[in-house]
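Structural characterization, general
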Amino acid sequence: MTYRRKPDHYTRLARERSYPARSVFKLEEIDRRTGLLHRGDRVLDLGASPGSWMKYILERVGPEGLVAGVDLSPLAIELPSHARFVETDVFTVDPEALRGLSGGGAFDVVVSDLAPKTTGIRHADQELSWELFARAVFLACRLLGRGGAFTGKLFYSPRHGDAVALLDERFSSVKTLQPRAVRRESKEIFIVAKGYQNVS
């Protein structure tokens, strides 16, 4: 028999607000607590499918901004004219191809909700999550303009210290958050870095 998770408060709220997934409320809280997004920003969304984060970001940046999404799976939302999406693998995509989605300029913010296909083996899943997080940081550091911001998901593990150190070298401030919408049994955390220093 297939187990079906009972819809919780955030799942019901996402449906009410026409978001395809409850994950939007993780980003909403991160944004509220850190001032991550601003009107007119150019934002790259890694792991964009099914589209809840993109939908929220589009609302925040407005038509003056631009949002580009990347994922292996298609979106479940309609995109306005100031949005772009490419169905590709973050490990093989050329950073310059992603820069082209912004019209050739730098992004102001890079967000990553990338998550691995879990195996059920905790340390293996943690390592897969770390690899995705590190790739997201790699792409952010090639695509952000000076002063830009990044947030990325990571399964909490001893790699948390490595993740913070990786960002500390390149950003002026780094903060770890676990939004309330993260499920109780989940080990997801989000690391928010602001003030990109544009170092190699």
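Residues numbered from 1 in each chain as written. Predicted model: local features only at pLDDT ≥ 70, side-chain atom pairs only at ≥ 80, totals over all residues. Heavy atoms only, no water.

As a further point, take the overall build of the protein chain. Counting secondary structure elements, the protein chain contains six helices and seven strands. The C-alpha radius of gyration computed for the protein chain amounts to 16 Å, which stays within 12% of the reference 16 Å derived for 200 residues, consistent with globular compactness. Seen through its principal axes, the protein chain has C-alpha atoms that stretch 50 × 40 × 30 Å. Put simply, the protein chain has 200 residues, and 50% of those count as buried. In the protein chain, the proportion of contacts linking residues at least 24 apart, taken out of those at least 6 apart, comes to 64%. With an accessible surface of roughly 10200 Å², the protein chain has 49% of that area assigned to carbon and sulfur atoms. A distance of 5 Å separates the average location of the 30 positive side-chain charges in the protein chain from that of its 25 negative side-chain charges. (Helix = DSSP H or I, 4+ residues; strand = E, 2+ residues; numbered from the N terminus. Rg over C-alpha atoms; globule rule 2.2 N^0.38 Å. Buried < 20%, exposed > 50% of the residue type's maximum accessible area, 1.4 Å probe, protein only. Contact = heavy atoms within 4.5 Å. Areas by Shrake-Rupley, 256 points an atom, 1.4 Å probe, with all protein chains shown as cover. Lys, Arg positive; Asp, Glu negative; His and termini not counted. Charge placed at Lys NZ, Arg CZ, Asp CG, Glu CD.)

Before going further, it helps to spend a moment on the nonpolar core. Within the largest apolar cluster, 31 residues are counted, with the highest numbers of intra-cluster contacts made by Leu 44, Leu 46, Phe 133 and Phe 150. Setting aside chain neighbours within four positions, we find Phe 133 in contact with Phe 150, Gly 152, Lys 153, Leu 154, Ala 163, Leu 167 and Ile 191. Grouped together as the second largest cluster of nonpolar side chains are 27 residues, Val 24, Leu 36, Val 43 and Ala 149 included. (Core = buried A, V, L, I, M, F, W, Y, C linked by side-chain atoms within 4.5 Å.)

Turning our attention to the packing of aromatic side chains. Within this structure, the stated rule accounts for four aromatic pairs. Measuring from centroid to centroid gives 6.0 Å for Trp 53 and Phe 190, while their planes differ by 35°, and the two rings are tilted. Taken as a pair, Trp 53 in helix α3 (residues 52–61) and Phe 190 in strand β7 (residues 188–196) lie far apart in primary sequence, 137 residues in all. In terms of burial, Trp 53 and Phe 190 fall into one category: buried. (Phe/Tyr/Trp six-rings, centres within 6.5 Å; stacked < 30°, edge-to-face > 60°.)

Pairing between the strands of a sheet comes from backbone hydrogen bonds, and it takes one of two forms, parallel or antiparallel. Overall, mixed pairing links the seven strands, which are arranged β3-β2-β1-β4-β5-β7-β6 in an open sheet. Of all the strands in the sheet, the pair left with one neighbour each is β3 (83–87) and β6 (171–177). Shown here is a sheet whose adjacent strand axes are inclined to one another by a mean of 15°, direction ignored. As defined by bridge partners, strand β5 (residues 144–155) adjoins β7 across seven bridges and the pair is classed as antiparallel. Counted as the bridge partner of Thr 151 is Val 192 from β7. This element, helix α6 (residues 159–168), spans β5, β6 and β7 of the sheet and lies at about 155° to β6. (Pairing = 2+ DSSP bridges. Axes fitted to C-alpha atoms, helices over the stretch in contact; angles between N-to-C directions.)

On to the pairing of strand β2 (residues 66–71), then. A regular strand places its side chains so that they alternate between the two faces of the sheet. Counting buried positions over the six residues of β2 gives six, a clear majority of the element. Burial along β2 is two-sided: Leu 66, Ala 68 and Val 70 and Val 67, Gly 69 and Asp 71, pointing in opposite directions, are all buried. Across five bridges, the pairing between strand β1 (residues 42–46) and β2 is parallel. Paired with Val 43 across the bridge in β2 is Val 67. You can see the chain leave β1, run along α3 and come back into β2, and the turn it takes is right-handed. (Right-handed = clockwise from strand over helix to strand, strands pointing away.)

Further remarks concern the side chain of His 160. The residue His 160 is located in helix α6 in this model. Residues in contact with His 160, not counting those within four places in the same chain, are Leu 154, Thr 176, Ile 189 and Ile 191.

Right, let's get into the pattern of salt bridges. Across all of its chains, the model carries eleven salt bridges by this definition. The salt bridge involving Glu 29 is made with Arg 180; its shortest N-O contact spans 3.7 Å. Here Glu 29, found in helix α2 (residues 24–34), pairs with Arg 180, found in the loop between β6 and β7; they are 151 residues apart in sequence, far enough to count as distant. Judged by relative accessible area, Glu 29 falls into the buried class, the value being 7%. A salt bridge links Arg 60 to Asp 31; its shortest N-O distance comes to 2.6 Å. Here Asp 31 lies in helix α2 and Arg 60 lies in helix α3, a separation of 29 residues in the sequence. The exposure class of Arg 60 is partly exposed, given its relative accessible area of 31%. The exposure class assigned to Asp 31 is buried, which follows from its relative accessible area of 4%. Through salt bridges that share partners, Lys 26, Asp 113, Lys 153 and Glu 188 make up one connected network. (Salt bridge = Lys/Arg side-chain N within 4 Å of Asp/Glu carboxyl O.)

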